[in-house]
Amino acid sequence: MANSPSRLPERSRLAVFRRRVHSRDPAQPSEADRAASAEPLGRDPWRRPPSWQVADNLGKSFYYAGKGLVYAICTQRNFRIHMAVAVIAFGLGLGLRLSAVEMALISLTSGLVMALELVNTALEAVVDLTLGSKYHLLAEIAKDCAAAAVLMAAAASLMVAAWLFLPPLVLLLQDGFPAAG
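Residues numbered from 1 in each chain as written. Predicted model: local features only at pLDDT ≥ 70, side-chain atom pairs only at ≥ 80, totals over all residues. Heavy atoms only, no water.

### Focus on the pattern of salt bridges
So, step 1. Here the structure, examined in full by the defined rule, presents one salt bridge.
So, step 2. Taking the shortest distance from any N to any O, the salt bridge between D128 and K143 comes out at 2.6 Å. Taken as a pair, D128 in helix α5 (residues 100-131) and K143 in helix α6 (residues 137-175) lie far apart in primary sequence, 15 residues in all.
So, step 3. Look at D128 and you get partly exposed, because its relative accessible area is 38%. (Salt bridge = Lys/Arg side-chain N within 4 Å of Asp/Glu carboxyl O. Helix = DSSP H or I, 4+ residues; strand = E, 2+ residues; numbered from the N terminus. Buried < 20%, exposed > 50% of the residue type's maximum accessible area, 1.4 Å probe, protein only.)

The structure is reproduced here in structure tokens:
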């Protein structure tokens, strides 16, 4: 009884979820469950359904994905670094007048690195949610391997960039820069 959600100073979503799972009919939460899980008005105009439910329309799906992207931009230094490198790569590709296929390769490799960084962030959040401040060797392995996946994608992206950018840059240096105006 000491750990029951009703005795906690504030009711967390996890506590509400636990009560909902152990209630007689999980599909129909009680009025107390709905009141405890209610968010303050104005916080999120598209109240998120419980995590086990699917968003009921495509607009909400894009909204939630956008929230994840904004979260990563605001909180993940490495994601911002990958975005900055992608912008530089796009600018360099346009400046060197790379072909559409070459620009597509730059886009794909940059997108892959950023997507893996998002997956890495999500995995780290789930591991931290599960373990809290406890240490577990398997959690360390999961986090390290996810980070290694981002590192491998970034290395492959750099190799693609080298193959695409170095030949035009070498030609540009050999021929000299064109005279301005």
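Now, onward.
### Remarks on the layout of surface pockets
In this approach the atoms are scanned with a rolling probe the size of a water molecule, which exposes any empty space left behind.
So, step 1. The space that makes up the second largest pocket amounts to roughly 270 Å³.
So, step 2. Those elements giving two or more residues to the lining of the second largest pocket turn out to be α4 (77-95), α5 and α6.
So, step 3. By residue number, the principal contributor to the lining of the second largest pocket is α4, which donates seven residues. (1 Å grid on protein atoms, 1.4 Å probe; cavity = no way out; pocket = protein on both sides within 12 Å on 5 of 7 lines; lining within 4 Å. Points joined across faces, edges and corners; volume = space filled by probe spheres on them.)

### Quick notes on α5
So, step 1. Helix length check: α5, at 32 residues, gives a terminal C-alpha distance of 46 Å against a target of 46 Å (1.5 Å per residue), a fit within 8%.
So, step 2. Among all positions in α5, only M103, I106, T109, S110, V113, M114, E117, N120, T121 and V127 are buried.
So, step 3. Buried residues belonging to α5 abut α3 (58-75), α4 and α6.
So, step 4. Count one or two residues on from α5 and you reach G132, which has phi positive near 65°. (Expected span 1.5 Å × (residues − 1). Contact = heavy atoms within 4.5 Å.)

### Remarks on the environment of E140
So, step 1. Inspection of the secondary structure puts E140 in helix α6.
So, step 2. Put simply, E140 and E124 are 16 residues apart on the chain and 9.6 Å apart in space, counted from C-alpha to C-alpha.

### Side note on the packing of α3 against α4
So, step 1. Two numbers describe how α3 lies on α4: the axes approach to 6 Å, and their chain directions differ by 95°. Between α3 and α4, the interaxial angle falls into the category roughly perpendicular. Note on element contacts: α4 touches α3 through R77, F79, R80 and M83, opposite L69, A72, I73, C74 and T75.
So, step 2. Looking at the contact of α3 with α4, its residues break down into six nonpolar, one polar and two charged. (Axes fitted to C-alpha atoms, helices over the stretch in contact; angles between N-to-C directions. Parallel < 35°, antiparallel > 145°, perpendicular 65-115°, else oblique. Nonpolar A, V, L, I, M, F, W, Y, C, P; charged D, E, K, R; others polar.)

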